[in-house]
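Here are the chains, one letter per residue:
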There are 4 protein chains.
Amino acid sequence: MSVRVGIVGVGNIGEDHAHRLAERTRGAEVAAIADVDAARAEAVARAVGAQACPTDLLVGRDDVDAVVVTTTGAHHEPYVLAAIAARKPVFCEKPLATTVDACQRIVAAEAATGRRLVQVGFMRRFDPDYLAVRRAIADGRIGRPLVVHCVHRNAASGPGLTSASIVLDSAVHEIDQVRWLLGEEVAAARVLAPRPTPRVEPGVQDPMVVVLEMASGAMVLDELFVNAGYGYDVRCEVVGETGAVALPDPGAVVVRKNGHRGRAVPPDWRERFRAAYDAELQAWVDAVAAGQGGTGPTAHDGLAATAVAEACIRALESGQRAPVRLPFAGTSV
Amino acid sequence: MSVRVGIVGVGNIGEDHAHRLAERTRGAEVAAIADVDAARAEAVARAVGAQACPTDLLVGRDDVDAVVVTTTGAHHEPYVLAAIAARKPVFCEKPLATTVDACQRIVAAEAATGRRLVQVGFMRRFDPDYLAVRRAIADGRIGRPLVVHCVHRNAASGPGLTSASIVLDSAVHEIDQVRWLLGEEVAAARVLAPRPTPRVEPGVQDPMVVVLEMASGAMVLDELFVNAGYGYDVRCEVVGETGAVALPDPGAVVVRKNGHRGRAVPPDWRERFRAAYDAELQAWVDAVAAGQGGTGPTAHDGLAATAVAEACIRALESGQRAPVRLPFAGTSV
Amino acid sequence: MSVRVGIVGVGNIGEDHAHRLAERTRGAEVAAIADVDAARAEAVARAVGAQACPTDLLVGRDDVDAVVVTTTGAHHEPYVLAAIAARKPVFCEKPLATTVDACQRIVAAEAATGRRLVQVGFMRRFDPDYLAVRRAIADGRIGRPLVVHCVHRNAASGPGLTSASIVLDSAVHEIDQVRWLLGEEVAAARVLAPRPTPRVEPGVQDPMVVVLEMASGAMVLDELFVNAGYGYDVRCEVVGETGAVALPDPGAVVVRKNGHRGRAVPPDWRERFRAAYDAELQAWVDAVAAGQGGTGPTAHDGLAATAVAEACIRALESGQRAPVRLPFAGTSV
Amino acid sequence: MSVRVGIVGVGNIGEDHAHRLAERTRGAEVAAIADVDAARAEAVARAVGAQACPTDLLVGRDDVDAVVVTTTGAHHEPYVLAAIAARKPVFCEKPLATTVDACQRIVAAEAATGRRLVQVGFMRRFDPDYLAVRRAIADGRIGRPLVVHCVHRNAASGPGLTSASIVLDSAVHEIDQVRWLLGEEVAAARVLAPRPTPRVEPGVQDPMVVVLEMASGAMVLDELFVNAGYGYDVRCEVVGETGAVALPDPGAVVVRKNGHRGRAVPPDWRERFRAAYDAELQAWVDAVAAGQGGTGPTAHDGLAATAVAEACIRALESGQRAPVRLPFAGTSV
């Protein structure tokens, strides 16, 4: 009766999801795990009571009802397409794919099946605080949104950081989030470039400020700083015509000691968004068990986010405002 | 493979747990539901896909592997004893029983089986914030505790409120909590009696201040106010020799509007402790599935808490300090 | 045209007031300074452009229009009486005197002159936050008060600390404060005695919890801990029939660094109450310049506070509830 | 011995300063008041015990030692120049003047006297919180600054609002502030234009986002929204290479009531910056009394701020990045 999940890619987030599905998600079990690093697949599979298998065999296994794709973003497409071809529901981490073309191929393939099969891993849509911000806007408590301030800081980046990866891996969260919070598309992007931190390689723009113009004219300012040093810190304030609503700082216990009153800042996204990830995968498993192929962010949302990210990268390279080239008409949020 | 749970008593918390076990707990299903109000049992059973049955038949059912007792406190004992007699794990809401004698009978019955079968519903031990307070103390960050401030406020009480019920239903949470946080027994109790709110019947002491002396000499001040009007608000600060640690206020989104900056206060315990209840019952189900009969607060903890509550009630009636009559030797926390 | 002030006693607070009057108070100048330590008087006098003189000559000087008494509490009386005898306005630090008898002699002497001449240094009445708490109560925003929680922590005490001095020097602040906030007298006191911190001499009760019963039945819980280690921390929450109002934590800048988000806690009362002290002495000087002899807390308030402090000391010694013996009839707040 | 002050212009801030100097500033008295509205000059003069006089006679009066210029920004220049010509110290509200040319004439005139005579009303430099932010940067606690986030919101604007006036009257505060906090000049400006609030006349850009590039490459994002509706709200966070420091929210008392926990937001700058204005004018009067002609922000600072504001206005009109044309070489902060 459980949904038997196969996971391809068990880096940080993949391993995290493997334990989540095997230990904390109702109605799921992890059947198989694949990774380009076979030893890693083996180790994680052993830890969660699953079988390891080659990456190209995972989707087709009989004991795999649904697929989680947690490879690096540039390698999502083939596994997502294989799952669609096999008519198996697929949960794909963000970004759906790193190019608009790849996203379009996924959207088209899913559409051809006549049913929903894809859910994209924009977990903030499942976070209680983000949901409360959205509700406050929808209830009209702040009037129509005019300006949105976002902050997205990590303590330190991993190896291979590029300016484009900051957009595709980090900013993509805020891109989806503001589409979802405001219920409208992004029309254009700019990237402002402060002096970079000396902690990054020359040529990497960290921090950067992404400026998004929404279709309504509302403006989003998104500071991305993946080597901020002190911890993981994401914030969002939406300023409307009559008021403003903001995420709270995470509510850690308050310690008074040695002339200071302080709290811990979460070290990373794992801790900050643990409840959101739990809710996200539970919702996916529940939807799959109910035959719905997924819930929340769609392949179309993944496509829209990558289209905006592409505009950000063009804006970063040109130093100019870049219109978003949405490969579809109208608003889809 | 799932743990099949029978629930006896589906008032507020019982109904809440029924949905939790049926919808959000991994490895559990709700098989049967009983209540003195048969129509209510029927309705809740239907909502969660279980069968309704008479209260006296629930524990013995073949399709019930484990029992949740969520009747009113005065009616816990027979069901808990029945479960023990049937060698079925039993999760019993707090207080374990409303008299020390009843608690002792439960402890003795469980002991006679030679194994653990009882877990008591002190859910705060599973709340991330309370766990962080405990860690801060255990880590030595504030030195040895000297004073603990607790606040326990509800918006409004239900019908039938008495001073004793405030102790047994509300203060019992802080009683268990300080035993667990400080790792020691309560030695004596006093109750201070401010002018009562006009919202209660004459003779009911609401608010009241329970003062607990711990075995080490540390002192606990616990304000209980179950008709505080504005919402549900529980707090705890532990003051040690070199610092202090406190629970945070719950982290709701911040709305700025009409000259004010504000947040919602949780309306009740359901919302405030939802994550704690989820974790508590998940841990119970996991323990039961692993053949352990429960985890966290034991029947012994339930007995100790009721013994302290009894001292509080004596103190309230006499206006004097009342020593706790622990029906066992030594510290058991 | 300036009020020429003479200051007797230039320990910590006296020296602070000397600079305040000489540098930040409009319409004041410091004419003369006396201290039992003549060298200290000389040094402070030089720093503020005043003349040093013997303590017994200060009040009578022709160039002294008004007197500030900042000797230790046990030595306030003779200087206050001398000022009254000379018909000179006198600002006396708290407590007005350390015995009820001494306070009564001051009240009687002032009354005999037919005019107001005394202001007592309960500076919290001039603090913007305490004033806002009082306004919230007076506006009916929380209904009638039922419970008041106070905390009064210092980083460390000076030499010569006794349990009685904690009451007379520290608790006396909350005693006056709750009389003023609630507009009623204190009827009785108790003192609860947690295990003392090892930082104090044997026999000194630090921390202690003073419990005050107000005439209306409202109850005050006041934790005093003068060796709390981490800093200076005073708090107050008033819980009423329909809501609660609390002082904010002092609003220091927020630093995020090394996995923490923190703020400085004020090291002492100087920093925490600087604005209150400034306002208090400005109000006194303005009143004196206007021929009013003082404003805010009267000799009568000083007497009432010492009467309550005396009850606290009796309660501490007896371990029992001690009624306050107010040497006057009715409420005077 | 008091500094006798003449005030020209008693609109909102001028009247506020009149009372401040007459009632709360040590060593000052208000001798004379002028305004284009003679009746208003008369009324304010009466309220503070000064004489009213025509605007063109105020600076030259024998009983005026020092001048406060609080006319509207476009009318500062003649009074400041007159004061300089008369060798009288002059405190001029911000902006020093509304054009760079006018500012240069003032700087040149002051320079020709061979001494300092001008102080500009950038009061944030005297606010304890801003001072603490500056100290945290200077102490190296956050590393070298990379990004600065500012918010500057008013409840509602007065009549005659234009996009340029938002820059000159509001943004000019952040312009001076970041020069002072970071100790460097602004190199270029951009203005981002979200959809305006419907509360303003067509063509007025409210809210707007001013982006400043500092000489070091650090970037400032300043949201200005003078019709934000809910209150007065200014914020600042400086993000450095290793940490971040932010202003606290103002520390108003916390009221819990009706399911909410809230605080008042200051209605306007008067309340938010009262302590800063008091300190600013006290420092000016003290400096004047000491023969120094002023302290803190100089005419040169006023000139630099207006030069940046001019770049912002060019940027707003062109939609492009506008380099700041500093009419002097090097950094002067």
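Everything quoted here is computed from the prediction, not taken from an experiment.

**Focus on the overall build of chain A**
Phase 1 of the analysis: Of the regular secondary structure elements, chain A holds ten helices and 15 strands.
Phase 2 of the analysis: A compact globule built from 333 residues should have a C-alpha radius of gyration of about 20 Å, and chain A, at 20 Å, falls within 12% of that.
Phase 3 of the analysis: Seen along its three principal axes, the alpha-carbon backbone of chain A occupies a region of about 55 × 55 × 45 Å.
Phase 4 of the analysis: Considering chain A as a whole, with its 333 residues, one finds that 60% of them fall into the buried category.
Phase 5 of the analysis: The contacts in chain A between residues at least 6 apart in sequence include a share of 73% that link residues at least 24 apart.
Phase 6 of the analysis: Summing over all exposed atoms, chain A offers an accessible surface of approximately 11500 Å²; the carbon and sulfur share of this is 51%.
Phase 7 of the analysis: Each charge sign in chain A was given a centre, from 35 positive and 40 negative side chains, and these centres are 4 Å apart.

**Brief notes about the sheet that holds strand β5 (residues 90-92) of chain C**
Residues and elements named next belong to chain C.
Phase 1 of the analysis: One open sheet holds the six strands; their spatial order is β3-β2-β1-β4-β5-β6, and the pairing between them is parallel. Edge positions in the sheet fall to β3 (51-52) and β6 (118-120), since each has one partner strand and no second.
Phase 2 of the analysis: Both strand β2 (residues 28-34) and β3 contribute to a ladder of two bridges, which runs parallel. In the sheet register, Ala-32 faces β3, and the bridge partner there is Gln-51.
Phase 3 of the analysis: Here helix α2 (residues 38-48) sits on the sheet in contact with β2 and β3, set at roughly 165° to β2.

**Details of the interface of chain D and chain A**
Phase 1 of the analysis: Contacts between the two partners involve 37 residues from chain D and, on the opposite side, 37 residues from chain A.
Phase 2 of the analysis: Summed over both sides, the interface between chain D and chain A buries roughly 2800 Å², with carbon and sulfur atoms accounting for 59% of that surface.
Phase 3 of the analysis: For the interface between chain D and chain A, the tally reads six salt bridges.
Phase 4 of the analysis: Close ionic contact of Glu241(D) with Arg195(A) constitutes a salt bridge, the shortest N to O distance being 3.3 Å.
Phase 5 of the analysis: Taken together, the elements giving at least two residues each to the side of chain D that touches chain A come down to β7 (145-153), β8 (186-192), β9 (208-214), β10 (219-225), β11 (233-240) and β12 (243-246) of chain D.
Phase 6 of the analysis: Looking at which element gives the most residues to the side of chain D that touches chain A, the answer is β7(D), with six residues.

**A closer look at the relation of the copies chain D and chain A**
Phase 1 of the analysis: For these two chains of identical sequence, chain D goes onto chain A by a turn of 180° and a shift of 0.0 Å along the axis, with RMSD 0.0 Å. The operation mapping one copy onto its partner corresponds to a two-fold rotation axis. In terms of C-alpha distance to the rotation axis, chain D has Leu221(D) as its closest residue, with the C-alpha 4.4 Å off the axis.
Phase 2 of the analysis: Same-surface contact between copies: 100% of interface residues of chain D are shared with the interface of chain A.

**Things to note about the side chain of Asn227(C)**
Phase 1 of the analysis: Mapped onto the fold, Asn227(C) is located in the loop between β10 (219-225) and β11 (233-240).
Phase 2 of the analysis: From its side chain, Asn227(C) meets the backbone nitrogen of Ser157(C) in a polar contact 3.0 Å long.

Parameters and conventions
- Residues numbered from 1 in each chain as written.
- Chains lettered and ligands numbered in written order.
- Predicted model: local features only at pLDDT ≥ 70, side-chain atom pairs only at ≥ 80, totals over all residues.
- Heavy atoms only, no water.
- Helix = DSSP H or I, 4+ residues; strand = E, 2+ residues; numbered from the N terminus.
- Rg over C-alpha atoms; globule rule 2.2 N^0.38 Å.
- Buried < 20%, exposed > 50% of the residue type's maximum accessible area, 1.4 Å probe, protein only.
- Contact = heavy atoms within 4.5 Å.
- Areas by Shrake-Rupley, 256 points an atom, 1.4 Å probe, with all protein chains shown as cover.
- Lys, Arg positive; Asp, Glu negative; His and termini not counted.
- Charge placed at Lys NZ, Arg CZ, Asp CG, Glu CD.
- Pairing = 2+ DSSP bridges.
- Axes fitted to C-alpha atoms, helices over the stretch in contact; angles between N-to-C directions.
- Buried area = accessible area lost by both parts, 1.4 Å probe.
- Salt bridge = Lys/Arg side-chain N within 4 Å of Asp/Glu carboxyl O.
- Least-squares fit on C-alpha atoms with pLDDT ≥ 70 in both.
- Polar contact = N/O pair within 3.5 Å; in protein donor to acceptor, adjacent residues only side chain to side chain.

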